[in-house]
Amino acid sequence: MCNQMPLHSQLAKVRKYARSPYLALPGHRKRMFLALTGLLLLAIFSILAVAYTIQQAQAATKPHIVYRIPTPTSELTTPRTTPSSTLPPQLPPIVPFPTTLTAQITALQAHNRYFYAGNPQLPEVALTFDDGPSPGYTLTVLHILEQYHVKATFFDVGRLVKLYPDLVKAEQDDGNVIGDHSWTHPDLPSLNLSSIETQLQTTSDAITQVIGSRPAFFRPPYGDINANVLTAANALGLTTVVWTEMASDWLLPGTSVIVSRIVNAATNGSIILLHDGGGNRSQTVAALPTIIEQLRAHHYTFVTMSEIAAHNQLKGTRQSDDGIYLPGAHSQISWLWQVTQERHRAFQFSYDNRSSSEA
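Residues numbered from 1 in each chain as written. Predicted model: local features only at pLDDT ≥ 70, side-chain atom pairs only at ≥ 80, totals over all residues. Heavy atoms only, no water.

Let's talk about the confidence of the model for the protein chain
- Here the protein chain averages 79 in pLDDT, while 68% of its residues score no lower than 70.
- This stretch, residues 348-359, has a pLDDT under 50; its non-local contacts, to residues over four places away or in other chains, come to 14 contacts. (pLDDT = per-residue confidence, 0-100. Contact = heavy atoms within 4.5 Å.)

Here's the deal with a nonpolar patch on the surface
- A contiguous nonpolar patch, built from L40, L41, I44, F45 and L48 and spanning about 510 Å² of accessible area, is present on the exposed surface.
- The residue L41 is located in helix α2 (residues 27-61) in this model. (Patch = residues over 30% accessible without salt bridge, like charges linked within 9 Å, V, L, I, M, F, W, Y side chains within 5 Å. Areas by Shrake-Rupley, 256 points an atom, 1.4 Å probe, with all protein chains shown as cover. Salt bridge = Lys/Arg side-chain N within 4 Å of Asp/Glu carboxyl O. Helix = DSSP H or I, 4+ residues; strand = E, 2+ residues; numbered from the N terminus.)

A look at the pairing of strand β8 (residues 271-275)
- Judged by how many residues are buried, β8 sits mostly within the fold: five of five residues are covered.
- Of the two faces of β8, the one holding I271, L273 and H275 and the one holding I272 and L274 are both buried throughout.
- Pairing analysis gives five bridges linking strand β2 (residues 124-132) to β8, with the strands arranged parallel. In the sheet register, L127 faces β8, and the bridge partner there is I272.
- Inspection of the sheet shows strand β7 (residues 245-246) paired to β8 by two bridges, in the parallel sense. Across the sheet, M246 pairs through a bridge with L273, a residue of β8.
- Between the parallel pair β7 and β8, the chain is carried across by helix α9 (residues 255-265), and the sense of this crossover is right-handed. (Buried < 20%, exposed > 50% of the residue type's maximum accessible area, 1.4 Å probe, protein only. Pairing = 2+ DSSP bridges. Right-handed = clockwise from strand over helix to strand, strands pointing away.)

A closer look at the side chain of T240
- Within the element layout of this structure, T240 appears in strand β6 (residues 239-241).
- Judged by its relative accessible area of 1%, T240 is buried.
- With residues near it in sequence (within four places) discarded, T240 still touches R113, Y114, F115, F218, P220, L230 and A233.

Considerations on the packing of helix α4 (residues 138-147) against helix α6 (residues 165-173)
- The geometry of α4 relative to α6 is characterised by a closest axis approach of 10 Å and an angle of 10° between their N-to-C directions. Comparing the axis directions of α4 and α6 gives the class roughly parallel. Classified by chirality, the crossing of α6 by α4 is left-handed. When α4 is examined against α6, the residues T138, L139 and L142 are found in contact with a partner set consisting of L167, A170 and E171.
- The residue makeup of the contact of α4 with α6, split by class, is four nonpolar, one polar and one charged. (Axes fitted to C-alpha atoms, helices over the stretch in contact; angles between N-to-C directions. Parallel < 35°, antiparallel > 145°, perpendicular 65-115°, else oblique. Left-handed = near helix turned anticlockwise from the far one by under 90°. Nonpolar A, V, L, I, M, F, W, Y, C, P; charged D, E, K, R; others polar.)

Considerations on the nonpolar core
- Residues Y114, L200, F217 and M305 are the most contacted members of the largest nonpolar core, which totals 34 residues.
- Among the elements of the structure, α3 (101-110), β1 (114-115), α7 (193-211), β5 (217-218), α8 (227-235), β8 and α11 (305-312) are those that each provide at least two residues to this core.
- Here this core gets four residues from one element, more than from any other, and that element is α8.
- If we skip the residues at most four places from it in the chain, L200 touches D180, L188, F218, A232, A233, L236 and L238.
- Membership of the second largest hydrophobic core comes to 28 residues, among which are I144, V259, A266 and L295. (Core = buried A, V, L, I, M, F, W, Y, C linked by side-chain atoms within 4.5 Å.)

Observations concerning the pattern of salt bridges
- Following the criterion strictly, the structure yields three salt bridges and no others.
- A salt bridge links D205 to R214; the shortest N-O distance between them is 3.0 Å.
- Given the relative accessible area of 36%, D205 is considered partly exposed.

Dropping the structure here:
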């Protein structure tokens with residue numbers, strides 16, 4: 001007669017294994033399960049380690065990236081009149097200045113020193129051009145702007161300012177505003193505070209040497225900021241400018257796409273990001289006349305960043321979530337970071353592919 005386990009003991013054993021399928025495995029299968037789990041965890045940690053190493057290596061090399069630019073082929077020959085400078089006087093640093101990024105943005109907005117949009121009550125937009133001056137495209141952009149009687153803001157790379165001072169002077173002589181876009185276009189948050197200050201100060205000095213006055217505005221490359229970037233900009237009296245609308249023109253999506261992206265997204269106070277340097281900008285140049293014509297058809301006027309800053313002070317104040325009164329600021333910091341991080345990834349991908357094809 002065979003031994004039979006009592007019914008209540010059998011039920012208890014079934015419930016135990018139902019709760020923990022692992023315990024129901026035979027001994028050799030338990031060991032195999034543990035071994036496979038260990039190998040899977042090891043593989044995951046190895047992948048993370050490799051990804052971190054690659055990220056650190058890229059961050060270490062970014063500050064040394066500079067744009068490939070053509071050799072200067074000609075000097076400006078067209079005489080230009082020299083109107084009075086549209087640059088406002090440089091502002092003193094905010095003291096004391098916060099140490100955390102969110103508090104810094106709040107403080108800067110409260111002092112009209114941080115922009116990604118202008119006055120939403122006024123039908124005006126600001127055209128801004130990054131990464132120049134470029135002998136291949138900047139003059140053409142200037143000629144188009146002059147033809148349509150439009151003034152814009154140019155955020156120039158310092159080392160290119162040194163190479164092409166005549167182009168910077170032409171920008172200023174036509175009544176445009178010149179801004180600081182760093183010396184070599186690095187990812188500034190990857191640098192220490194001293195290196196960031198050098199990037200901004202050296203560029204401001206180069207611009208001052210050309211146009212005779214210090215730039216008032218600064219746009220961080222890729223739109224990337226952290227507390228050190230804003231600390232350096234504040235110390236130099238620079239007003240930080242990002243953007244409201246961008247066409248991703250550096251990815252060469254097509255002239256009609258660039259036009260539609262800008263025209264369809266434009267709103268009162270939009271700061272529009274385009275490029276006159278840093279790569280092939282033929283589509284941007286081709287799209288510019290249509291952008292101007294269609295935005296004018298929508299009853300927008302074109303202003304510089306100096307005018308955006310002045311008109312922003314006309315807005316009523318409103319209270320932010322933390323109880324600090326801001327002069328009409330739009331505190332959509334999370335939205336801004338999504339936009340800037342996407343641009344960083346796309347632009348770096350485009351630049352890496354262009355560099356590899358030219359090598």
